[in-house]
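# Summary of structural features
Here are the chains, one letter per residue:
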Amino acid sequence: MINKVVSGAEEAIKDISDGATIMLGGFGLCGIPENCINALVTKQVKNLTCISNNAGVDDFGIGLMLKQRQVKKMISSYVGENAEFERQLLSGELEVDLIPQGTLATRCLAAGYGMPAIFTPAGVGTEVAEGKEVRNFNGKDYLMEYAFDADFAIVKAWKGDTAGNLIFRSTSRNFNPVMAMAGKITIAEVEELVVAGELDPDYIHTPGIYVHRIFQGKDYEKRIEQRTVRKRSDDSEI
Amino acid sequence: MFSKEEIAQRIAKEIKDGYYVNLGIGIPTLVANYIPKGINVVLQSENGLLGMGPFPFEGEEDADLINAGKQTITTLPGSSIFDSAMSFGMIRSQKVDLTILGAMEVSENGDIANWKIPGKMVKGMGGAMDLVASAKNIIVAMQHINKAGESKLLPKCTLPLTGVKCIKKIVTELAVLDVLPEGGFKLLERAPGVSIEFIQKSTAGRLVVEGEIPEMRLD
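Anyway, here's the lowdown on the structure attached to this text. All values derive from a computational prediction rather than experimental measurement. (Residues numbered from 1 in each chain as written. Chains lettered and ligands numbered in written order. Predicted model: local features only at pLDDT ≥ 70, side-chain atom pairs only at ≥ 80, totals over all residues. Heavy atoms only, no water.)

So, about the interface of chain A and chain B. Across the contact, 55 residues belong to chain A and 55 residues belong to chain B. Taking both sides of the interface into account, the surface hidden between chain A and chain B amounts to around 4,800 Å²; carbon and sulfur atoms contribute 58%. At the boundary of chain A and chain B, one finds seven salt bridges. For Arg232 of chain A, the salt bridge is made with Glu60 of chain B, and the minimal N-O distance between the two is 3.2 Å. Remark: the boundary between chain A and chain B carries 29 residue pairs in polar contact (both at pLDDT 80 or more). Listed by contribution, the elements that provide at least two residues to the side of chain A that touches chain B are helix H4 (83–90), helix H5 (101–113) and helix H6 (176–182) of chain A. Here the element with the most residues in the side of chain A that touches chain B is H5 of chain A; it accounts for six residues. Here the residues of the side of chain A that touches chain B are counted per class, giving 21 nonpolar, 19 polar and 15 charged. (Contact = heavy atoms within 4.5 Å. Buried area = accessible area lost by both parts, 1.4 Å probe. Salt bridge = Lys/Arg side-chain N within 4 Å of Asp/Glu carboxyl O. Polar contact = N/O pair within 3.5 Å; in protein donor to acceptor, adjacent residues only side chain to side chain. Helix = DSSP H or I, 4+ residues; strand = E, 2+ residues; numbered from the N terminus. Nonpolar A, V, L, I, M, F, W, Y, C, P; charged D, E, K, R; others polar.)

Structure (structure tokens):
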């Protein structure tokens, strides 16, 4: 068994330096690697290219890195929840590549599966297609999109073991498994780290081969973006 | 003229037993409230869930369980969770039967614009481009005219496109329309009290009116 355990976020990100390209798992604020983001903010690395579906909110998640101008370029599908992001983008301080969500996920998948590119119909005939190769298969046009090339992938899982195997919980899975496969170096922070052997091999979502460093995170805030509830008397379907 | 709730109610009538359905944000989300009783429908949320249930009871919110609108939700018996790549895999391979989404503009050849206003709004397309490029059946819920009375059903979209030649059906506060394969909006139903003349005046693209046009019914 190869031991992947590091002491914490600080050690896990110690070799992430200025100009690095990093993937960050999560959808909105759900399933984001809170500990590593905070460590990157403390370390003050700059000129980062961040690949993440969203850009956090003004005072949480990637928003904390944006506020300190640590991000040179964001590659995302939706950034609507972050006013500072929008300001930096419209003023030209921040470079942004907005790409379709399925394309983002599948470019991660391609990297993890060792495939250089994918063909997807998303964005055909739109500004997303500008400068890209179009191929016709069975009468329908597809764009060629390249696999991502990221120096680091940082993901958050529910449980992990000392061999780097990961299990995700509920919809906090989202981009985490595909990004975990896609990084040259993958860092996983987990809510509960157990000794190898305690997790059932049949229930592993991400095999440890994809994970290079793992640690048990602390003080998870797990902030909720839109708290929607129903009253106990409410019998509506949704 | 229909309210947003009534647009949602009219669209819900298009949902059939056994459908897997993806609902966009805004009016489409409201459609879930009007799914006919007695039919089995599974809602897909593109952040990685099939079988989206109602909002949780107060105090039972789970930060790890949200929908694509980032709202806290619940699962149902038979629900499943998967990663984002698989989520769009099932969309691309047309396992999802029906997609319902909003639009800022639709053109008479079925182009849709719903993600960007140059110089103003840069929220991003999220999953919209994937959905419109792949879905076999898309219904658009949208306003027919803007606050100034200008049509959003156009000969050609003016805003950056989300997808081309992909929209087949539109439900607005004024009417239900099909987009014809050869181009043009075919008027199918009008909202109660709305005249064909008013719909004509409110549709900048080519409007096709043939025969009697019944009023939309919600029951």
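Turning our attention to the environment of Asp18 of chain A. Residue and element names in this part refer to chain A. Locating Asp18 in the fold gives a position in the loop between helix H1 (9–12) and strand S1 (21–24). For Asp18, a relative accessible area of 51% gives the class exposed. Separated by 28 residues in sequence, Asp18 and Lys46 place their C-alpha atoms 4.8 Å apart. In this structure Asp18 touches Gln44, Val45 and Lys46, once residues within four positions along its chain are discounted. There is a polar contact of 2.8 Å between the side chain of Asp18 and the backbone nitrogen of Lys46. (Buried < 20%, exposed > 50% of the residue type's maximum accessible area, 1.4 Å probe, protein only.)

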